[in-house]
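Observations on chain architecture
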Amino acid sequence: MKKQIMTLCFALAAISGFAQQALFGGTQIVSPEINSDNSVTFRIMAPQAQKVQITGDFLPTQKMEIPGYGKYDAPGVADLTKDEKGVWSFKSKALSPELYSYNLIVDGVKITDPSNVYSIRDIASVTSIFMIGGDYAENYKVHKVAHGTVSKVWYNSPTAGITRRMTVYTPAGYETSGKRYPVLYLLHGIGGDEQAWMELGRASQILDNLIAQGKAEPMIVVMTNGNISQEACPGETSEGFKVPTLALPKTMDGYFEQAFPDVVNFVDKTYRTKADKQHRAIAGLSMGGFHSLFISINNPKMFDYVGLFSAAVDQQQKGGLDTMYANRDQKIDQFFAQNPKLFWIGIGKTDFLYKNNTDLRKTLDAKKHKYTYMETEGGHIWKNWRIYLANFTPLLFK
C-alpha cells in the first residue's frame, strides 16, 4: 500500500511539472517578460489555436463609439505569431512606467494570461496586469515603508434603509498614535464598487508612499460603494455571486448624494477624525466625480477640498431626487462663498467627458471661482485617475 501511494505521488508530481513547462528547452513559459529596454514579451502555448491576439492599454488605442457621447479611446489589438513548438508570442515596444492591463484572445475567446497569476476585476472584466517601474509608477509599488491598514467595514445607512460596506484606509501608526486625522472620501466610477480604488487605483500604495515621503499628510481614506442600491461589491453580499453590471438602479439620481451624510456621521463616530470642514476632502472619478460635485455643493459647509477626476458632469439620470441637481450654479456659488481651500479638476485630452468638464470650467471662470486644473494625455482610463490621486492628495490639509 505504501509503495502504491508513493508511486501515485511521483506520478502526480510528474504531471504537475509537465503542465507547468513549455516545450522550448523544458523551461516554464514566461509571460509577461519585461525586457531590459522595458519592452514586454507575451507568450502562450496554444498549438491547436488558429489565431491568437492580445489587447491591452499598452497598445495604440482604437476609437469606439458610446451612443450619445461620441468616440472614446479603447485598448488596441495586436496579433501574436506562432513558432514550430506551438508557442505564440508578441513583443511590445518599449513602454513608459505604468501599471498595465491586458487580455489574450484565442480564436475569438478573451482570456487572462495562463502564465500570469496577477489579475484584477474591473466591473465584469478580468484582466491580467503587469507593471513597468519608474516615474509615477513608483508610487504604485509596495516599498519598504510604514504601511497603513485597509479594512472592509459595514455600517448602517438609515437614509438608504440598508446595511452597507465601505473600505477604509487608516495611515501607519493610527492604531497606537492616539491622534485625530483628517479624512478623504474617495469615490469610484460607474459599475465600480468600494474595492475599485484599492485594487485598480492602487490607493493604499499611493498613500503609503506619499505619506512616507512627507509629501502627503497622514489621513484616513474612506471608499464607499457609490451604488446606493447595493450592500457591497458583487459576490460579497446577500445576493450571492451576482454578475457585475453597469446597469444598476439609483446610481446618479440623487439617492446616493442624499444618503452620504450617513457615511460622514458613521466615520466621525467610529474613527478618530478631525470632524470639521477644514479637515474633510471628497474626490472621485467619473460617476464618483459627479457625486463629489453634488455632495459638496449640497453640503457647502462639509468639505474644504473637492477633487473631480474625469467627472461625469451633467450626466444625471432622469427622475429620482431632482432637488439634489436643481439650481446647480446657484449651489456652486453658495459652496464657493464658504471659501473652500481647493477645488481641483483633472481630465484627459481625449476623454469623452472633456467637453462636459470644459463647460463646468467656463461656469467657474464666469463667476471667478478659483480652481486648480490638470490636463493629461489619454482618455477615460485608470492611468489618469492614479496620476490625479497622486497629484491631488499632496495638496490636502496643508
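It should be noted that the structure appears before, not after, this text.
Structure report, in brief. (Residues numbered from 1 in each chain as written. Predicted model: local features only at pLDDT ≥ 70, side-chain atom pairs only at ≥ 80, totals over all residues. Heavy atoms only, no water.)

**Regarding the sheet that holds strand S2 (residues 40-45)**
- One open sheet holds the four strands; their spatial order is S1-S2-S8-S7, and the pairing between them is antiparallel. Each edge of the sheet is formed by a strand with only one pairing partner; in this case those strands are strand S1 (33-34) and strand S7 (81-82). (Pairing = 2+ DSSP bridges. Helix = DSSP H or I, 4+ residues; strand = E, 2+ residues; numbered from the N terminus.)

**Points about the sheet that holds strand S14 (residues 162-170)**
- With mixed pairing, the eight strands of this open sheet are ordered in space as S13-S14-S16-S15-S17-S18-S19-S20. Each having just a single partner strand, strand S13 (149-157) and strand S20 (372-376) make up the two edges of the open sheet. Direction aside, the axes of adjacent strands within the sheet are offset by 20° on average.
- Sheet topology places strand S18 (residues 305-309) next to strand S19 (residues 342-348); five bridges connect them, and they run parallel. The partner of Val306 across the bridge, within S19, is Phe343.
- Where helix H5 (residues 255-270) meets the sheet, it contacts S13, S14, strand S15 (183-187), strand S16 (220-223) and strand S17 (280-285), and its direction lies at approximately 145° from that of S15.
- With respect to the sheet, helix H9 (residues 382-392) is in contact with S15, S17, S18, S19 and S20, its orientation differing from that of S19 by roughly 155°. (Axes fitted to C-alpha atoms, helices over the stretch in contact; angles between N-to-C directions. Contact = heavy atoms within 4.5 Å.)

**Observations concerning the nonpolar core**
- Ranked by internal contacts, the top residues of the largest apolar core, which has 48 residues, are Met166, Tyr185, Phe260, Val267 and Phe343.
- If you tally residues by element for this core, the top one is H5, at seven residues.
- One finds Leu184, Met198, Ala203 and Trp385 within the second-largest nonpolar core, a separate group that totals 38 residues. (Core = buried A, V, L, I, M, F, W, Y, C linked by side-chain atoms within 4.5 Å. Buried < 20%, exposed > 50% of the residue type's maximum accessible area, 1.4 Å probe, protein only.)

**A few points about the packing of H5 against helix H6 (residues 287-298)**
- Two numbers describe how H5 lies on H6: the axes approach to 10 Å, and their chain directions differ by 65°. Once H5 is placed against H6, the crossing between them reads as right-handed. Along its contact with H5, which presents Phe256, Glu257 and Phe260, the element H6 presents Phe290, His291, Phe294 and Ile295.
- By residue class, the composition of the contact of H5 with H6 is five nonpolar, one polar and one charged. (Left-handed = near helix turned anticlockwise from the far one by under 90°. Nonpolar A, V, L, I, M, F, W, Y, C, P; charged D, E, K, R; others polar.)

**Thoughts on the environment of Met131**
- By secondary structure assignment, the location of Met131 is in strand S12 (residues 125-132).
- C-alpha separation for the pair Met131 and Glu98, spaced 33 residues apart in sequence, amounts to 5.8 Å.
- Ignoring anything within four residues of it in the chain, the contact list for Met131 reads Ile34, Glu98, Leu99, Ala137, Tyr140, Lys141 and Arg202.

**Considering the packing of aromatic side chains**
- A complete count under the given rule lists 28 aromatic pairs for this structure.
- With 5.1 Å between their ring centres and 15° between their planes, Phe42 and Phe58 make a pair best called stacked. Taken together, the positions of Phe42 in strand S2 and Phe58 in the loop between strand S3 (52-56) and strand S4 (62-66) put the pair 16 residues apart, joining distant regions of the chain.
- Phe42 sits in the buried class, given a relative accessible area of 0%.
- In this structure an aromatic cluster arises from ring pairing among Trp197, Phe309, Trp344, Trp382, Trp385, Tyr388 and Phe392.
- Between the NZ or CZ atom of Arg272 and the centre of the ring of Tyr174, over which it lies, the distance is 4.1 Å.
- We note Arg361 situated over the ring of Tyr373; from NZ or CZ to the ring centre the distance is 3.6 Å. (Phe/Tyr/Trp six-rings, centres within 6.5 Å; stacked < 30°, edge-to-face > 60°. Lys NZ or Arg CZ within 6 Å of the ring centre and 35° of its normal.)

**Points about the pairing of strand S8 (residues 87-91)**
- Relative to S8, S2 runs antiparallel, the two being bridged by five bridges. When the sheet's bridge partners are listed, Phe42 is paired in S8 with Phe90.
- By the bridge criterion, two bridges tie S7 to S8 in an arrangement that is antiparallel. From the neighbouring strand, Lys82 faces S8, where its bridge partner is Trp88.

**A closer look at helix H4 (residues 203-212)**
- Counting buried positions along H4 gives nine out of ten residues, so the element sits mostly inside the fold.
- Taken residue by residue, H4 has Ala203, Ser204, Gln205, Ile206, Leu207, Asp208, Asn209, Leu210 and Ile211 as its buried positions.
- In this structure, the buried side of H4 is in contact with S13, S14, S15, helix H3 (196-199), S16 and H9.
- Just beyond H4, the residue with positive phi is Gly214, at close to 75°.

**So, the pattern of salt bridges**
- By the definition in use, this model includes 15 salt bridges.
- With a closest N to O distance of 2.8 Å, Asp193 and Arg121 form a salt bridge. Here Asp193, found in the loop between S15 and H3, pairs with Arg121, found in strand S11 (residues 119-122); they are 72 residues apart in sequence, far enough to count as distant.
- Under the relative-accessibility criterion, Arg121 is labelled partly exposed at 24%.
- Across the salt bridge formed by Arg280 and Asp268, the nearest N and O atoms sit 2.9 Å from each other. Of the two residues, Arg280 is situated in strand S17 and Asp268 in helix H5; the sequence distance between them amounts to twelve residues.
- The exposure class assigned to Asp268 is partly exposed, which follows from its relative accessible area of 22%.
- When salt bridges with common partners are traced through the structure, they connect Lys152, Arg165, Glu194 and Glu236 into a single cluster. (Salt bridge = Lys/Arg side-chain N within 4 Å of Asp/Glu carboxyl O.)

**Section: the packing of helix H7 (residues 328-336) against helix H8 (residues 354-366)**
- Two elements in contact, H7 and H8, have axes separated by 11 Å at closest approach and are oriented at 55°. Classified by the angle their axes make, H7 and H8 are oblique. The hand of the H7/H8 crossing is right-handed. Where H7 approaches H8, its residues Arg328, Asp329, Ile332 and Phe336 are matched on the opposing element by Leu360, Thr363 and Leu364.
- For the contact of H7 with H8, the residue count by class is four nonpolar, one polar and two charged. (Parallel < 35°, antiparallel > 145°, perpendicular 65-115°, else oblique.)

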